[in-house]
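Coordinates in review
One letter stands for each residue in the lines below.
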2 protein chains.
Amino acid sequence: MKIYNNPPKSDWEELCRRPNFEQASLEQVVNNIIEKVKTEGDVSLFELTEKFDKVRLNELQVSNDEIELASKNIPKQLVTAIQLAKENISKFHEAQKEESKQIETSPGVLCWRKSVAIESVGLYIPGGSAPLFSTILMLAIPAKLAGCKEIILCTPPQANGEIDATILFTAQLLGVNKIFKVGGAQAIAAMAFGTESIAKVNKIFGPGNQFVTKAKELIQATGIAIDMPAGPSEVLVIADQTAIPSFVAADLLAQAEHGPDSQVVLLSDKQDIISKVIKNLEAQIALLPRRSITKKAINNSFAILLKDLDTCLEFSNSYAPEHLIIASDIAAQFTQKISNAGSVFLGNYSCESAGDYASGTNHTLPTNAYAKSYSGVSLDSFYKKITFQQITQKGLQNIGPAIEIMAEAEGLMAHKNAVSIRLKNTNNV
Amino acid sequence: MKIYNNPPKSDWEELCRRPNFEQASLEQVVNNIIEKVKTEGDVSLFELTEKFDKVRLNELQVSNDEIELASKNIPKQLVTAIQLAKENISKFHEAQKEESKQIETSPGVLCWRKSVAIESVGLYIPGGSAPLFSTILMLAIPAKLAGCKEIILCTPPQANGEIDATILFTAQLLGVNKIFKVGGAQAIAAMAFGTESIAKVNKIFGPGNQFVTKAKELIQATGIAIDMPAGPSEVLVIADQTAIPSFVAADLLAQAEHGPDSQVVLLSDKQDIISKVIKNLEAQIALLPRRSITKKAINNSFAILLKDLDTCLEFSNSYAPEHLIIASDIAAQFTQKISNAGSVFLGNYSCESAGDYASGTNHTLPTNAYAKSYSGVSLDSFYKKITFQQITQKGLQNIGPAIEIMAEAEGLMAHKNAVSIRLKNTNNV
């Protein structure tokens with residue numbers, strides 16, 4: 001972990017730039033997969049699954065028997081834990097529902113917005129080194145709350161052709177029963193364009209490796225909505241003298257274990273705190289099962305000593321971290337100064353793991369400085385907001401003349417005429 | 001205008017497909033422009049403006065003198081009209097502000113979201129055949145209400161090197177003073193990557209021709225946010241026997257005059273209404289100054305006779321129109337059945353022109369069936385929603401064990417440890 005001592009502002013842009021791991025050939029490879037799935041459908045999915053996941057499937061869709069069987073084998077305390085998480089995530093996202101407010105902008109001119117569920121959504125859940133069933137909670141709960149009619153889940157099969165039991169349990173707990181054993185770019189292509197087995201959806205959600213991310217980027221360019229652009233996960237911790245170094249070290253490592261491309265950043269106004277965190281980090285890392293991955297991520301990471309906490313916040317806003325932890329007893333005082341971040345954890349007991357699993361907030365968040373313009377997944381991500389207006393004859397008399405003048409000034413006489421013809425009629429009534 | 005008589009559902013997908021006007025060479029041309037602006041900066045903007053807009057500029061930025069002078073020459077009744085529109089649009093978007101609600105998901109676990117303005121935004125306003133100052137109202141009003149710190153406006157210069165006076169007046173009325181004489185793909189590239197004169201922004205808004213649209217699509221793939229993907233403007237009208245045919249015809253023509261690639265669709269359960277609308281349309285079109293453009297759009301357009309109003313609504317949901325007009329005295333009865341549309345106009349006096357200019361709703365809306373997954377521009381488009389959480393020691397005792405179990409089940413022991421280390425500490429306190 002590199003340490004920078006009060007770097008000049010001219011260095012900040014470079015420090016805020018994320019490490020780039022993308023291979024030049026990636027786009028071509030992913031484009032080929034997408035084209036194959038588009039033209040060959042299910043056949044290509046079987047073939048690509050054999051190629052990438054090393055398993056020959058008989059069926060793409062998980063059967064009801066498989067789902068039921070898997071659900072019986074979940075340890076009871078894990079069931080209870082998932083249920084607590086479900087409850088908290090549901091509460092937080094339920095509270096995001098908005099009443100439709102009707103606004104009379106001028107007398108007789110009533111305007112409002114209505115949240116309407118996106119009809120069909122596709123959720124991608126990575127397989128790989130860990131079965132990320134928590135992401136199902138984060139995506140399926142708001143999808144169900146919004147009222148999406150069709151929810152499809154794609155996740156890569158294990159070497160035995162099965163899907164992890166906890167993934168199946170969590171999906172069925174949330175009422176998601178259309179589960180397909182397809183991963184990677186081929187899963188994204190299938191949900192974007194449809195195949196014989198997998199229905200085309202309106203919007204695709206979920207994290208993934210660089211193939212998945214690139215596929216989402218490419219299908220978005222064809223007009224299919226995605227949750228947000230993605231990059232490796234990251235955390236930035238601002239620690240003042242009230243921070244507890246062992247806690248901060250644990251938080252940095254929790255982020256770093258995601259993958260070798262994860263990045264963690266520590267900011268402090270106290271040299272002493274930085275030293276203590278690094279000492280704790282070195283002690284803790286030795287005990288981690290995923291220490292080899294974790295060490296690689298720590299090598300991409302750095303700590304910065306800055307002159308005061310305001311400067312730490314300023315740097316953090318430039319970096320726009322996915323996760324921002326304010327490790328301080330007075331964290332709440334800083335919230336007004338946070339302008340760019342995905343999710344913020346205030347105080348020494350608000351660890352990122354809480355938000356990853358069970359506090360209630362969503363863990364699908366903008367990485368790679370996208371927090372400057374994107375929000376994390378929320379109930380809104382599963383809605384369109386349709387505007388409505390209802391204008392009475394009187395209402396059009398009130399605003400019609402202004403519309404006529406503006407339309408004429410824009411040279412759009414048919415726009416003007418749509419009002420004039422009604423005003424004439426009104427005047428005759 | 002083609003007329004279809006109760007087409008079978010198997011034909012609907014084809015009927016819902018928008019005409020495709022994109023040239024195969026477009027992506028290459030636009031990519032070249034983007035690369036040129038990225039590498040050459042301002043110099044390329046002068047050069048491309050000379051090439052495409054046929055004018056040699058001395059300065060890219062509009063001077064304060066130009067803005068002041070232009071603002072003096074606006075007819076008084078146009079000023080009054082713009083002010084009424086500003087007032088209504090402000091009212092409707094102001095009402096979209098949300099209070100931040102703190103939710104205690106478990107005892108000691110407090111979660112909330114906060115709307116924070118995107119710091120810098122770029123607004124693109126097309127020039128061309130009509131000076132679309134109304135789009136400035138639709139983009140700058142919510143940008144200002146949200147509190148965006150930096151608002152940049154790009155619009156192509158006229159042949160005399162100047163910007164239309166009404167555009168300058170409207171911009172300054174809304175407090176937008178950084179106005180650049182740059183149009184097309186080069187304007188989008190400049191705002192996305194920055195040049196010597198034009199600052200890089202976090203999100204780009206606004207309509208444009210196919211070069212602008214393609215440029216927005218391409219820069220989005222690099223992670224820069226845009227308002228939404230775009231295509232030609234369109235309207236779908238559902239007219240029942242209470243519709244007034246001359247009004248419906250006027251609405252169809254108002255949409256058709258936007259450009260030869262616009263599409264208008266008329267649905268009715270009454271043959272008689274369709275015939276009368278077409279008769280009125282033919283009479284009205286002859287009187288329009290933009291009739292040659294309008295006729296081309298009408299040639300891409302069609303009317304469908306369907307067996308009842310429910311089927312009309314079902315077709316409309318498949319088509320997912322940007323603008324949906326329900327030309328009926330009982331329009332309000334149908335709102336529950338509308339699932340895909342950008343903006344809906346209910347009743348015979350709610351003409352689309354009202355929403356285009358002055359009723360208060362936004363006119364930047366999803367075209368090309370994007371209404372299935374995208375919303376129109378709103379106050380939200382200028383915000384990120386950042387989640388916050390504050391967990392007490394007790395709070396972590398409540399949810400910590402569940403987090404530990406879930407993290408372990410996902411094989412993420414460092415995530416577990418971030419909780420365990422705190423619970424141990426809590427137990428010692």
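Residues numbered from 1 in each chain as written. Chains lettered and ligands numbered in written order. Predicted model: local features only at pLDDT ≥ 70, side-chain atom pairs only at ≥ 80, totals over all residues. Heavy atoms only, no water.

**A word on the environment of histidine 415 of chain A**
- In this fold, histidine 415 of chain A is placed in helix 16 (residues 413-428).
- For histidine 415 of chain A, a relative accessible area of 1% translates into the label buried.
- Measuring from C-alpha to C-alpha, the distance between histidine 415 of chain A and glutamate 404 of chain A comes to 7.7 Å, with 11 residues separating the pair along the chain.
- Not counting the four nearest positions on each side in its chain, histidine 415 of chain A is found in contact with Ala407 of chain A together with Ala254, Glu257, His258, Ser353, Asp356 and Tyr357 of chain B. (Helix = DSSP H or I, 4+ residues; strand = E, 2+ residues; numbered from the N terminus. Buried < 20%, exposed > 50% of the residue type's maximum accessible area, 1.4 Å probe, protein only. Contact = heavy atoms within 4.5 Å.)

**Points about the nonpolar core**
- Counting 97 residues, the largest nonpolar core has Val121, Val248, Leu252, Leu266 and Phe382 of chain A together with Met406 of chain B as the members making the most contacts within it.
- At 10 residues, helix 6 (residues 133-146) of chain A tops the list of elements feeding residues into this core.
- Excluding its chain neighbours within four sequence positions, the residues that come into contact with valine 248 of chain A are Val237, Ala239, Ala243, Leu266, Val277 and Ala327 of chain A.
- Counting 95 residues, the second largest nonpolar core, distinct from the first, contains Met406 of chain A together with Ala81, Ile285 and Ile298 of chain B. (Core = buried A, V, L, I, M, F, W, Y, C linked by side-chain atoms within 4.5 Å.)

**Details of the relation of the copies chain B and chain A**
- You can overlay chain B on chain A at an RMSD of 0.0 Å; the transform is a turn of 180° with a shift of 0.0 Å along its axis. Seen this way, the second copy is the image of the first under a two-fold rotation axis. If distances are taken from each C-alpha of chain B to the rotation axis, the shortest is found for alanine 221 of chain B, at 3.5 Å. (Least-squares fit on C-alpha atoms with pLDDT ≥ 70 in both.)

**Looking at the sheet that holds strand 9 (residues 234-239) of chain A**
- Judged by pairing direction, the sheet is mixed, and its 9 strands sit side by side in the order 1(A)-11(A)-10(A)-9(A)-12(A)-13(A)-14(B)-3(B)-2(B) without closing on themselves. Sheet topology places strand 1 (2-5) of chain A together with strand 2 (103-106) of chain B at the edges, where each strand pairs with a single neighbour. In this sheet, adjacent strand axes meet at a mean angle of 20° when their direction is disregarded.
- As judged from the 4 bridges shared by strand 12 (residues 323-327) of chain A and strand 13 (residues 343-346) of chain A, these two strands associate in the parallel manner. (Pairing = 2+ DSSP bridges. Axes fitted to C-alpha atoms, helices over the stretch in contact; angles between N-to-C directions.)

**Concerning the sheet that holds strand 11 (residues 302-305) of chain B**
- Across the sheet, 9 strands lie side by side as 2(A)-3(A)-14(A)-13(B)-12(B)-9(B)-10(B)-11(B)-1(B); this open sheet has mixed pairing. The sheet is open, and its two edges are formed by strand 2 (103-106) of chain A together with strand 1 (2-5) of chain B, each paired on a single side. Strand-to-strand twist across the sheet, computed as the mean angle between neighbouring axes with direction ignored, equals 20°.
- Pairing analysis gives 5 bridges linking strand 9 (residues 234-239) of chain B to strand 12 (residues 323-327) of chain B, with the strands arranged parallel. In the strand pairing of strand 12 of chain B, valine 237 of chain B is matched with isoleucine 325 of chain B.

**Some points on the pattern of salt bridges**
- If you walk through the whole model with that rule in mind, you get 43 salt bridges over all chains.
- Between lysine 97 of chain A and glutamate 94 of chain A there is a salt bridge whose closest N-O contact spans 3.7 Å.
- Connected via shared salt-bridge partners are Glu98, Asp380 and Lys385 of chain A together with Glu98, Asp380 and Lys385 of chain B. (Salt bridge = Lys/Arg side-chain N within 4 Å of Asp/Glu carboxyl O.)

**Quick look at the environment of valine 265 of chain B**
All names here are of chain B.
- In this fold, valine 265 is placed in strand 10 (residues 263-268).
- Since its relative accessible area comes to 0%, valine 265 is described here as buried.
- In this structure, valine 265 is in contact with Val235, Leu236, Val237, Leu252, Phe302 and Tyr319, ignoring residues within four places of it in sequence.

**Quick word on the domain arrangement of chain A**
Residue and element names in this part refer to chain A.
- The domains assigned to chain A are domain 1 (23-103 + 117-227), domain 2 (232-375) and domain 3 (392-428).
- A separation of 28 Å is found between the C-alpha centroids of domain 1 and domain 2.
- Across the contact, 12 residues belong to domain 1 and 11 residues belong to domain 2.
- Carbon and sulfur atoms make up 55% of the surface buried where domain 1 meets domain 2, a total of about 980 Å² over both sides. (Domains from an automatic or database assignment. Buried area = accessible area lost by both parts, 1.4 Å probe.)

**Brief notes about empty space enclosed by the protein**
- A full pass over the atoms with the stated rule returns 3 cavities of 30 Å³ or more.
- Of the voids in this model, the largest cavity is the one considered here, and its volume is about 890 Å³.
- For the lining of the largest cavity, the secondary structure elements donating two or more residues are helix 5 (76-94), strand 8 (225-226) and strand 14 (383-391) of chain A together with strand 8 (225-226) and strand 14 (383-391) of chain B.
- When residues in the lining of the largest cavity are grouped by element, the largest group, 3 residues, is from strand 14 of chain B. (1 Å grid on protein atoms, 1.4 Å probe; cavity = no way out; pocket = protein on both sides within 12 Å on 5 of 7 lines; lining within 4 Å. Points joined across faces, edges and corners; volume = space filled by probe spheres on them.)

**A look at the packing of aromatic side chains**
- Here the structure, examined in full by the defined rule, presents 14 aromatic pairs over all chains.
- Judged by centre distance (5.6 Å) and plane angle (5°), the ring pair of tryptophan 112 of chain A and phenylalanine 388 of chain A falls under stacked. Placement of the pair is tryptophan 112 of chain A in strand 3 (residues 109-117) and phenylalanine 388 of chain A in strand 14, with a sequence separation of 276 residues. Across this residue pair, the class does not change: tryptophan 112 of chain A and phenylalanine 388 of chain A are buried.
- For the pair phenylalanine 247 of chain B and tyrosine 349 of chain B, a centre-to-centre distance of 5.4 Å together with 80° between the ring planes defines the contact as edge-to-face. Here the residue phenylalanine 247 of chain B occupies a position in helix 10 (residues 245-256), and tyrosine 349 of chain B occupies one in the loop between strand 13 (343-346) and helix 14 (352-357), the gap between them amounting to 102 residues. Pair check on accessibility: phenylalanine 247 of chain B and tyrosine 349 of chain B agree, each one buried.
- Three or more aromatic residues joined by ring pairs form one cluster here, namely Trp12, Phe315 and Tyr319 of chain A. (Phe/Tyr/Trp six-rings, centres within 6.5 Å; stacked < 30°, edge-to-face > 60°.)

**Notes on helix 11 (residues 271-285) of chain A**
All names here are of chain A.
- Taking 1.5 Å per residue as the helical rise, helix 11 with its 15 residues ought to reach 21 Å, and the 21 Å between its terminal C-alpha atoms agrees with that figure.
- Listed in full, the buried residues belonging to helix 11 are Ile273, Ile274, Val277, Ile278, Leu281, Gln284 and Ile285. One side of helix 11 carries all its buried residues, which in axial view fall inside an arc of 130°. Turned more than 90 degrees away from the buried face of helix 11 sit Lys279, Glu282 and Ala283, all of them exposed. (Expected span 1.5 Å × (residues − 1). Arc of directions from axis to C-beta.)

**Focus on the confidence of the model for chain A**
- Per-residue confidence for chain A gives a mean pLDDT of 95, with 99% of residues at or over 70.
- Note on the complex model: pTM 0.96, ipTM 0.96. (pLDDT = per-residue confidence, 0-100.)

**Brief notes about the side chain of asparagine 202 of chain A**
- Along the chain, asparagine 202 of chain A falls in the loop between helix 8 (184-193) and strand 7 (203-205).
- The contact partners of asparagine 202 of chain A, leaving out residues within four places of it in the chain, are Ile118, Glu119, Ser120, Ile224 and Ala225 of chain A together with Lys372 and Ser373 of chain B.

**Some words on the packing of helix 2 (residues 26-40) of chain A against helix 3 (residues 42-53) of chain A**
Residues and elements named next belong to chain A.
- Where helix 2 meets helix 3, the closest approach of the two axes is 6 Å, and the angle between their N-to-C directions is 140°. Compared by their axis directions, helix 2 and helix 3 come out oblique. Taken together, the residues of helix 3 that come into contact with helix 2 (itself represented by Ile33, Lys36, Val37 and Glu40) are Asp42, Val43, Ser44, Leu45, Glu47, Leu48 and Phe52. (Parallel < 35°, antiparallel > 145°, perpendicular 65-115°, else oblique.)

**Comments concerning the interface of chain B and chain A**
- Listed per partner, the contact involves 120 residues of chain B and 120 residues of chain A.
- With both chains or domains summed, chain B and chain A bury close to 10300 Å², and 59% of this area falls on carbon and sulfur atoms.
- There are 4 salt bridges connecting chain B and chain A.
- Across the pair lysine 385 of chain A and aspartate 380 of chain B runs a salt bridge whose closest N-O atoms are separated by 3.8 Å.
- Our count for the chain B to chain A interface comes out at 64 residue pairs in polar contact (both at pLDDT 80 or more).
- Classifying every residue of the side of chain B that touches chain A gives 60 nonpolar, 41 polar and 19 charged.
- Where strand 14 of chain A lies against strand 13 of chain B, 4 bridges are found, and the strand directions are parallel. (Polar contact = N/O pair within 3.5 Å; in protein donor to acceptor, adjacent residues only side chain to side chain. Nonpolar A, V, L, I, M, F, W, Y, C, P; charged D, E, K, R; others polar.)

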